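# Summary of the model geometry
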Amino acid sequence: MRLLGLDPGLRATGWGIIDVDGNALRHVANGVLWPEPDAPLATRLVELYEGLCDVIDRHKPDTAAVEETFFNANPRTTLRLGQACGVVILAPANAGLPVSEYAANVIKKSVVGVGHAAKIQVTDMVRRLLPGCVPENSDAADALAVAICHAHHAQTARRVANAGSAA
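Only a predicted model underlies this, so the values are computations on that prediction, with no experimental measurement involved. (Residues numbered from 1 in each chain as written. Predicted model: local features only at pLDDT ≥ 70, side-chain atom pairs only at ≥ 80, totals over all residues. Heavy atoms only, no water.)

### Considerations on the pattern of salt bridges
All chains considered together, the criterion is met by four salt bridges. Between Arg 2 and Asp 19 there is a salt bridge; the shortest N-O distance is 2.6 Å. Residue Arg 2 is found in strand 1 (residues 2–7), and its partner Asp 19 is found in strand 2 (residues 13–21); the two are separated by 17 residues along the sequence. Residue Asp 19 is classed as buried on the basis of its relative accessible area, which comes to 16%. Linking Asp 19 and Arg 26 is a salt bridge whose minimum nitrogen-to-oxygen distance equals 2.5 Å. Since its relative accessible area comes to 46%, Arg 26 is described here as partly exposed. Each of Arg 2, Asp 19 and Arg 26 takes part in one network of salt bridges that share partners. (Salt bridge = Lys/Arg side-chain N within 4 Å of Asp/Glu carboxyl O. Helix = DSSP H or I, 4+ residues; strand = E, 2+ residues; numbered from the N terminus. Buried < 20%, exposed > 50% of the residue type's maximum accessible area, 1.4 Å probe, protein only.)

### Looking at the side chain of Asp 7
Considering the arrangement of structural elements, one finds Asp 7 in strand 1. With near-sequence residues (within four places) excluded, Asp 7 lies in contact with Ala 12, Thr 13, Gly 14, Glu 67, Asp 139, Asp 142 and Ala 143. (Contact = heavy atoms within 4.5 Å.)

### Re unusual backbone geometry
A positive phi angle is found at Lys 60, which is not glycine, with a value near 50 degrees. Its place among the elements puts Lys 60 in the loop between helix 1 (41–59) and strand 4 (63–67). Given a relative accessible area of 56%, Lys 60 falls into the exposed group.

### Things to note about the sheet that holds strand 1
Sheet architecture is open: five strands sit in the order 3-2-1-4-5, paired in mixed fashion. Either end of the sheet is taken by a strand with one partner, and the two such strands are strand 3 (24–33) and strand 5 (99–102). The sheet shows a mean angle of 20 degrees between the axes of neighbouring strands, direction not considered. Pairing geometry for strand 1 and strand 4, over four bridges, is parallel. (Pairing = 2+ DSSP bridges. Axes fitted to C-alpha atoms, helices over the stretch in contact; angles between N-to-C directions.)

### A short note on the layout of surface pockets
In this structure, the largest pocket spans a volume of roughly 610 Å³. Taken together, 24 residues form the lining of the largest pocket, with Pro 8, Gly 9, Leu 10, Phe 70 and Leu 81 sitting closest to its centre. At the level of secondary structure, the elements contributing two or more residues to the lining of the largest pocket comprise helix 2 (75–94), helix 3 (104–111), helix 4 (119–129) and helix 5 (138–166). Top element by residues in the lining of the largest pocket is helix 2. It accounts for four residues. For the lining of the largest pocket, the class distribution of residues is nine nonpolar, four polar and eleven charged. (1 Å grid on protein atoms, 1.4 Å probe; cavity = no way out; pocket = protein on both sides within 12 Å on 5 of 7 lines; lining within 4 Å. Points joined across faces, edges and corners; volume = space filled by probe spheres on them. Nonpolar A, V, L, I, M, F, W, Y, C, P; charged D, E, K, R; others polar.)

Laid out in structure tokens, this is it:
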């Protein structure tokens, strides 16, 4: 199964692709989409959407997972992040992919073992779990962490479903 992990942001949206075969995880690709910072909001959202559509077309993932939006003290910042997150969810959904969302603490706990891990800890664990992987930056590492988290959760869900079927 090929998974697309996404770390939404209006300034930078990280993406990461991994292949999952049983318990084995393999890094395929990662990167960051950088919308033009001085462009109008609508233009930046279109750039995100088109960039994600290109990633999906190139790498053909089977499913996608997105880090949930967190709430910022600044309502305007939170609203803009929510708009970017909506586009990040829309692109894979519009391509027919199932999309799951995970809270940041769940992702960190799945990858590092601690729900309040620092970014450097997440990056280090991504490198350990995906040998040979060099994330473009922390946004790409976070996106790969989302994909790893989804791989773990999807595998557990399959086991539970299979156990239920056998009973």
